[in-house]
Amino acid sequence: MLRQWMAGLTFALSVMLSAAFSVAPMVAPAQEANAPGSEAEAPATAPATDKPRPGTLEDILRRQQGLKLDPERLLRRPAPPAPIPLPPQLGTLGRQSDADLWRALKSGAYARPSSDTASGKLMQTAGEEWRRLRREVILKYAPWLPAGVLGLLVLFYLIRGRIRIRGGRSGRTIPRFSMSHRIAHWFLASVFILMAISGLMILIGRPVLLPLLGHEVHSVLLSAALQGHNLFGPVFILALLIAIVRFMRGNFFQWADVKWILRGGGMLGVHAPAHHYNFGEKTWYWIVVFVGLGMAATGLLLEFPWLVETLLYHQLATILHALGAVVMIAVALGHIYIGSIGMEGALDSMLKGEVDENWAREHHDLWYEQVTGKKAVHGGGGDDTPPPAAAAEQT
Amino acid sequence: MGLVEFIEGPAFWFALAVFVAGALWRFVGIIRIGHKPDLAPPKGSAGWGWIRGNLRHFFPRGLFAERTWMHVLGGYAFHLGLFAVMFFAAPHVDFIRERLIGVGWPALPRWGFIIAAEIAFAGLIVLWVRRFSDPVMRLISDWDDHVGSWLTFLVMLTGCLALERAHVSLRALHMGLVELWLIYFPFSRLMHAFTFMLSRGATGASYGRKGMTL
């Protein structure tokens, strides 16, 4: 277990280091292509070219100090990173063995590439850490997050049951979501479900589905899932952007949200105040915004790998995409639960666009007061007993 | 004969025959209904009205455009995307040339197909969501509308899932659903693909004869 987390830590560290020094590998792999094996092939500095090179820290400091920069030096490409010299490969009878060669390559030694497009770095050892992190940590533990949330929801439902509207439905409704809100919501929801199902099949198909279905059926399903996932990815981005814009108003955190948290969202037996959206809904919105956009960015990188040449970023994208996916699916399960079977009257807002007055007063009292101009009166506790006003209306 | 051969052979020809015969039967049936003789002297051209009626309905009026822009956009996205995918996807062009009429035409490149399919999917989902979200649409929609939407969605989806052309079973699944769609088409509201011209034209002709401008 410790070894797996160490693998993850090593990979994350290597990604951060790579990002910190990302200028060098992203400039041109060809610069690194020297010193494959001998002094003659590994000059200390690469021959200068006429192509412009990026500024260095020295250039920036000189510019800040108002000193003149050497234009000729600026036009030249930077010296390549000092190569790790490879031992001459003399075979098993020589002074150094093959093991030395492989050890040097594993340590990041550069070789002369066989073509202009090839990288001089022959081994990317972070790939091994990435593989171990993906297989031994993510594939092993990530599916448990949505599964665990599902289990907790079932447990919560069995213990708490459906949250009823205290005093029942009043029969009077208040408009809550416009048609464009509902279309934006369901557009995103339907594409999200397709993406989630196909994505989970891709992510955990090998450990979960393969033993159950066998290679032949699994390969067909996986091929279909991959095509579907790639196809709906851009549609998901479109739906995500529409939803982000449409639902942004009212989703910024307010003082009432602090009270809502302190009162446990109404679960502690005291009423938790809320505007049009409560703290949970706002948090879900910002998860959708940030994690969703992160999923979109990493997904685009995976679908169009030519966008970035550095392999490490692709490896990082697979990890972040998988983690973002399980987080979004897990939270979405909670959202779906509370928006459907978990709470009476909640689904009306997205199906009909209107909610019952008693529901609004109970769960979004500040919004209710703003919309109706009436004072929201609450019952004493967080139970389902009707408040005095509702009880009076019923009789 | 295996299941795949059956789906791609006799079942397809049967479905196509039902589609052609059924669509012709419905189309001719509607034309044969005719209309009651209008004894009033004409104040304009019914023929011109027929054409105007058809063309004018492609553009929503200002008052409605503001309220309905989302589903107008969804409608155009779905129908244009579906048309492009149906007649210009490379596998479809190959199929039409090799199995149906012997001639083909230039197909969309893969990226063009992907974009057309995504536009079509986005449009179809928006239209379907509106169908159950809008109170009026929900009221006037029945099982035929939902079956038509879902069947079309599944045909498009399975077609895209089979895009890699690596598995015969995925292609057979797509073909099977296409056959179901072809058989269902003439007897459902999917027939609006052909009859929209008649309904728009009839309204336009009636107005045109009365001298009204659409």
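Here the residue index of a chain counts from 1 through its sequence in written order. Chain letters start at A and ligand numbers start at 1, both assigned in the order the entries are written. Where local features are concerned, this predicted model is filtered to residues with pLDDT of at least 70; where side-chain atom pairs are given and counted, the filter is 80 or more; whole-chain, interface and lining totals use all residues.

## Overview of the overall build of chain B
Thought 1: When helices and strands are counted, chain B shows ten helices and zero strands.
Thought 2: The secondary structure listing takes helices from DSSP runs of H or I that are at least 4 residues long and strands from runs of E that are at least 2 residues long, numbered from the N terminus. Secondary structure elements in chain B, listed N-terminal to C-terminal, are α-α-α-α-α-α-α-α-α-α.
Thought 3: Dimensions of chain B, computed from C-alpha atoms along their principal axes, come out at roughly 65 × 35 × 35 Å.
Thought 4: Contact definition: two residues whose C-beta atoms, as placed from backbone geometry, lie within 7 Å. Here the analysis covers contacts within chain B between residues at least 6 apart in sequence; of these, 74% occur between residues at least 24 apart.

## Description of the overall build of chain A
Thought 1: Along the backbone of chain A there are 15 helices and two strands.
Thought 2: The buried share of chain A, reckoned over its 395 residues, is 27%.
Thought 3: Within chain A, contacts between residues separated by at least 24 positions form 69% of all contacts whose residues are at least 6 apart in sequence. The burial criterion counts other C-beta atoms lying within 10 Å of a residue's C-beta, which is placed from the backbone; the residue is buried at 20 or more, exposed at 12 or fewer, and partly exposed between these limits.

## Focus: the environment of proline 37 of chain B
Thought 1: Among the structural elements, proline 37 of chain B can be located in the loop between α2 (10-33) and α3 (46-56).
Thought 2: Residues proline 37 of chain B and serine 149 of chain B, spaced 112 residues apart in sequence, show a C-alpha to C-alpha distance of 38 Å.

## Observations concerning the interface of chain A and chain B
Thought 1: Contact with chain A, which involves 18 residues of that partner, is made by 22 residues of chain B.
Thought 2: Class assignment of the residues belonging to the side of chain A that touches chain B gives a composition of eleven nonpolar, five polar and two charged. Three residue categories are used. Nonpolar comprises Ala, Val, Leu, Ile, Met, Phe, Trp, Tyr, Cys and Pro, charged comprises Asp, Glu, Lys and Arg, and polar comprises the others, including Gly.

## Topic: the packing of helix α6 (residues 126-141) of chain A against helix α11 (residues 311-339) of chain A
Residues and elements named next belong to chain A.
Thought 1: Where α6 meets α11, the axes come as close as 10 Å, and the angle between the chain directions of the two elements is 10 degrees. Relative to α11, the element α6 is oriented roughly parallel. Seen from α6, the contacting residues are Ala126, Gly127, Trp130, Leu133, Arg134 and Ile138; seen from α11, they are Leu312, Gln315, Thr318, Ile319 and Ala322. As a rule, the C-alpha atoms of each element are fitted with a line to give its axis, helices using only the stretch in contact, and angles between N-to-C directions run from 0 to 180 degrees. Our angle categories are set so that under 35 degrees counts as roughly parallel, over 145 as roughly antiparallel, 65 to 115 as roughly perpendicular, and the remainder as oblique.

## Quick look at the packing of helix α6 (residues 110-133) of chain B against helix α8 (residues 143-161) of chain B
Residue and element names in this part refer to chain B.
Thought 1: Contact pair α6 / α8: the axes reach a minimum separation of 11 Å and the direction vectors enclose 155 degrees. Classified by the angle between their axes, α6 and α8 sit roughly antiparallel to one another. The hand of the α6/α8 crossing is left-handed. In contact with Ala117, Ala120, Phe121, Leu124, Trp128 and Arg131 of α6, α8 contributes Asp145, Ser149, Thr152, Phe153, Met156 and Cys160.
Thought 2: In terms of residue class, the contact of α6 with α8 is made up of eight nonpolar, two polar and two charged. Definitions for this section: a left-handed crossing has its near helix turned counterclockwise from the far helix by less than a right angle. A right-handed crossing has that turn clockwise.

## Description of the nonpolar core
Thought 1: Counting residues in each nonpolar core, the largest one holds 69 residues, and the members touching the most others are Phe187 and Val191 of chain A together with Ala117, Ala120 and Ile125 of chain B.
Thought 2: At the level of elements, α8 (179-247), α10 (279-303) and α11 of chain A together with α4 (62-88), α6, α8 and α9 (168-184) of chain B are the ones that each hand at least two residues to this core.
Thought 3: The element best represented in this core is α8 of chain A, accounting for 23 residues. Only buried residues count toward a nonpolar core: Ala, Val, Leu, Ile, Met, Phe, Trp, Tyr and Cys, linked into one set through C-beta atoms within 7 Å.

## Regarding α8 of chain B
Thought 1: One less than the number of residues in a helix, times 1.5 Å, gives the span that helix is expected to have. Taking 1.5 Å as the rise per residue, α8 of chain B with 19 residues should run 27 Å; its terminal C-alpha atoms sit 26 Å apart, in good agreement.
Thought 2: Taken together, the buried positions of α8 of chain B are Ser149, Thr152, Val155, Met156, Leu157, Thr158, Gly159, Cys160 and Leu161 of chain B.

## What to know about the confidence of the model for chain B
Thought 1: Summing up the model confidence of chain B, the mean pLDDT is 91 and the portion of residues at 70 or higher is 100%.
Thought 2: With pTM at 0.74, the complex prediction returns an ipTM value of 0.80. Along the chain, pLDDT gives the predictor's confidence residue by residue, from 0 to 100.

## Section: the confidence of the model for chain A
Close reading of the predicted structure is inappropriate where its pLDDT is low.
Residue and element names in this part refer to chain A.
Thought 1: The predicted model of chain A averages 78 in pLDDT, with 70% of residues at 70 or higher.
Thought 2: Mean pLDDT per element in chain A: helix α2 (residues 23-27) is the minimum at 37, and α10 is the maximum at 95.
Thought 3: Here residues 380-395 scores under 50 on pLDDT; set against residues more than four positions off or in separate chains, the count is 30 contacts.

## Things to note about the environment of valine 147 of chain B
Residue and element names in this part refer to chain B.
Thought 1: Position of valine 147 relative to the elements: it lies in helix α8.
Thought 2: Taking the C-beta count within 10 Å as the criterion, valine 147 has 14 such neighbours and is therefore assigned partly exposed.
Thought 3: Each C-alpha atom, one on valine 147 and one on tyrosine 184, is 9.4 Å from the other, the two residues being 37 residues apart in sequence.

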